[in-house]
Every structure is written in structure tokens, then in C-alpha cells.
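Examination of the molecular architecture
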Amino acid sequence: MGIWILNGLTVDANNVQTTKHVLVENDKIALVVDALSGDVPQTEGHEVIDAAGKLVSPGFIDMHVHLREPGFEHKENIATGTRSAARGGFTTIACMPNTRPVIDTVDTVNYILDKAATDGVVRVIPYGTITKNELGRELTDFAALKEAGVIGYTDDGVGVQSAQMMKDAMALAASLGMPIIAHCEDDTLVVGAPVNEGTFATKHGLKGIPNESEAIHVGRDVLLAEATGVHYHVCHVSTEQSVRLIRHAKQFGIKVTAEVCPHHLLLSEEDIPGMDANWKMNPPLRTPRDVQAVIEALEDGTIDIIVTDHAPHTEEEKAKGMLLAPFGILGFETAFSLLYTKFVLTGKWTLGFLVDRMTKKPADVFGLPYGTLEVGSVADITIVDLDTTKAVLKEEIVSRSKNTPFIGWELRGWPVVTIASGKVVYS
Ligand code: DOR
Ligand code: ZN
Ligand code: ZN
């Protein structure tokens, strides 16, 4: 028995919108029929989902997430994290290796993949670390990690401080045809600040994280990427300076790609209501000028894809306050509705643009065979109700943690059915 998804709205990157019927059989997309063709699908013996008026999209892909397992299961685990992803319409997620132990050995990669197979409801692809224990001192065994199934190398959570270490990492990754994914942060410029260096920090007497702490690594790394020929991917771009450097590197033909998070597209330091750690993340919320720069960078292709940096932390941890609480906010369950409401419904972006940056583009950047509704491809499908306006409610959050600044926001564009590898994993 398969699943017929009838009369759904499909959209391509050029925002061409078509009403289609889609048949899922086993784990594949078996048939796609133009609804205007007049061919009425034989639905007998199949499950039927009426998608009339709803968006039928390839399952969303999130290349930057924290699932916290192993080691921080009080924040999230693979079972809760993948269910949270499914609620947000994500069917492929790439998990960051800053777990405990960190993902720096074949054993830990195997642990993640085994857990994902038994506990997970969507596809989980791990990253391995660049350096052992993310300490920046010694490279991991890139070849063994690749063999075990990582999609790239990153020390996300911290920057790689040594230029020589980064250059060695890039050279090794390039020789294996693998990407380096960089959390860009120069520790000598940060000194333990909780927020951006700017108006909020000044008002509250806090130390600030300067823009240069990010951009200096971006600048250094694009030069190292040029020297080594590696595919270099910049995490969570948040500053105008980083955008400028990436744009320049791309014009030069350097193999660089980049990602941006919904919160950096939507919020600036001026929006932080007070000393509430649900507004604390790294990189921090920057100035309105930076926000405008990352929006324009996504629009002109300087920034390639949207990711969430889903970073769960418990209420107790976040209650420690702006100074002591850990960095990070949830991402999965509000990403699409936030961007649909604030960019598509306001006429700034087309629906096709938003969907492309969350599906096909990330698949292309990382060479994944997902993010498409083509016949024969894996049946990863997200159905989105584009009409219902609903508030973000804490009680409805599926993640084990609740740390988001978006509680109470009235949003439209809610995933209502998520199908991963042909199975309904959220409805
Ligand atoms: O906000 C963040 N949270 N930024 C990071 O770099 C790490 C992440 C986490 O692991 O919580
Ligand atoms: Zn990071
Ligand atoms: Zn991260």
C-alpha cells in the first residue's frame, strides 16, 4: 500500500507553482501527476492525503543542528531531536559533533548512526570533528571518519584557533574530497562576552562579542581554502564583514559556501527585551545593519542555504541568566513558519526561493541525493498549511528543551505532515 498525496501545491526555485498528485510507494516517489492533466489517480488500496491548498515540498534539510546525544541527553536526544525536526518539516538533519564524547572517533560515529536507526524518525547525518576533543591541538583521523559516514569536519561550538591547524585540516579534507565546516570565532577577541558588542551590551554594562571575532576567521579561512582547494563552508554567518569577505572570495572562484540562521535574518540586538538568556546565542544577535547584510547575501547567493543551528538547553540552564547561561536557541519547529510569515507573506521573497534554500540548495551544496520530488527519489516530503495563523506555544514544543525567543509569535505556514523515507513521521 502506498500513499497518494492529492492536489498539493508544488513550487520550484523560480517560483513556478503547479498543482500535483504525488504517489509514494515503499520509500520512493513512485509517480507525480499534473492535476490539470485530468488523469485521476487510482487511489484504491492506498492511503490518501488531501493536500488541496497546501504546499507539498521536498522534506526540509537542516545542515546544522545539535542533537546532544551522547552526553547531554538532559537537553535533547536523538529520539526527541528528530521528532522536533519532523514537526518542523525536516527530513534530513546533519548533527554537530560537540557532544560528550565529541564525535571524533569511528566508535562515536557508529553510536550516532545506530541510535539514529533505532530511535530517530528522520535521517541523521553526523559531522566529525576537525580536532580531537575539539581542543584544536591534533587532527582527528579524517579518512576513518569519512569511511564511518561523516559528511564533513567541524569543531562547531568553537573556532579552530591555529591557522596552521586549519590549513592542515583543509589540505587533508581536500585530499579526501570532503568539506570543512567552520564555526568562525577568534578567541582572543571574545573574552567571555555574552552578547554583541553594541547597544545592548553598553546599556547593560556587558562585555561584547565584536564582529571581527567572526570575520577574521572567515578572512583567514577563505585564503586557506584558496591555498588548499578545499570546499570551505561558513557556519551561521552573522556580520556584514563576513558577508563582504565571502562575496569577494566567491568572485575570486574560491570554493566557499555559507549558511545563515532564521534568528540572524529576523532579529537584531535591538530586539532583545532584557536580560533573558533565551536571546543568547553564538554568534550573537548583531546590529540592524548586519541583519540587512545577511538578508541581502542570502538573496544574491553569497549565502547559499538556511540552517537552524537548533541548540537545545534546559530551562534551568537558561535560568542562570544572560551572563552564565549557555549559548543557543531551538530552531526546528519555528524555522519555516518564521521565514514564510516574515519574508514570503510580506512580499520580500517568493515561496519558491524559501523552499529552495531549505531543500534543493542544501542538498546541492553537500552533494546529497535529497531535496527533490522527482520520480524515483527518496520519498522525503513535507506538507505545509500556508493559511492557518497560530501562536508559537511552549506547551506544543516537541524538543526536550524550550529555549526559544519566539514564544507567543503569531505565525503562518505550519508543517502538518512530514514523510521521511516514505513513512509518515509527523502528522
Ligand atoms: O549558540 C550556539 N550554540 N552556538 C554554538 O556555536 C554552539 C551551540 C551549542 O552547542 O549550544
Ligand atoms: Zn557554531
Ligand atoms: Zn552550532
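The structure presented is a predicted model; accordingly, all values stated were derived computationally and were not measured. (Residues numbered from 1 in each chain as written. Chains lettered and ligands numbered in written order. Predicted model: local features only at pLDDT ≥ 70, side-chain atom pairs only at ≥ 80, totals over all residues. Heavy atoms only, no water.)

1. Digging into the nonpolar core
How we decide: Buried Ala, Val, Leu, Ile, Met, Phe, Trp, Tyr and Cys residues form a nonpolar core when they are joined through side-chain atoms within 4.5 Å. Only protein chains enter the accessibility calculation, which uses a 1.4 Å probe; a residue is then buried when its area is under 20% of its type maximum, exposed when over 50%, and partly exposed in between. Between two residues, a contact is recorded if the distance between any of their heavy atoms is within 4.5 Å.
Residues Ile-180, Tyr-232, Phe-336, Trp-349 and Leu-351 are the most contacted members of the largest nonpolar core, which totals 91 residues. When residues no more than four places from it in sequence are discounted, the contact partners of Leu-351 are Leu-9, Val-11, Asn-15, Gln-17, Leu-55, Phe-336, Tyr-340, Val-344 and Leu-386. Of all hydrophobic cores here, the second largest spans 18 residues; its members include Ile-61, Cys-235, Cys-261 and Val-307.

2. Quick look at the UniProt feature "active site" (unreviewed entry) in the protein
Short version of the rule: UniProt positions are given in the numbering used here, feature names are shortened, and annotations may be inferred rather than shown by experiment. By the criteria applied, helices consist of DSSP H or I runs no shorter than four residues and strands consist of E runs no shorter than two, each listed in order from the N terminus.
UniProt records the feature "active site" (unreviewed entry) at Asp-309, using the numbering of this structure. Position of Asp-309 among the secondary structure elements: in the loop between β14 (305-306) and α10 (315-318). On the basis of relative accessible area, Asp-309 is assigned to the buried category, the value being 9%. Excluding anything up to four places from it in sequence, Asp-309 contacts Asp-62, His-64, His-66, Asp-156, His-236, Cys-261, Asn-282 and Ile-329.

3. Quick word on the sheet that holds strand β8 (residues 123-126)
Strand pairing in a sheet takes place through backbone hydrogen bonds and is either antiparallel or parallel in direction. Stated formally: For two strands to pair, DSSP has to find at least two bridges joining them. Here an angle of 0 to 180 degrees is reported between the N-to-C directions of two axes, which are lines fitted to C-alpha atoms, with helices fitted over the stretch in contact.
One open sheet accounts for three strands, arranged β6-β7-β8; its pairing is parallel. On the outer flanks of this sheet lie β6 (60-65) and β8, each paired with one strand and no other. Going across the sheet, the axis of each strand differs from the next one's by a mean of 20°, ignoring polarity. Strand direction decides the pairing type here: β6 and strand β7 (residues 90-95), joined by four bridges, are parallel. Paired with Asp-62 across the two strands is Ile-93, which belongs to β7. Strand contacts of helix α2 (residues 106-119): β7 and β8, with the helix running at about 175° to β8, the strand carrying the most contacts.

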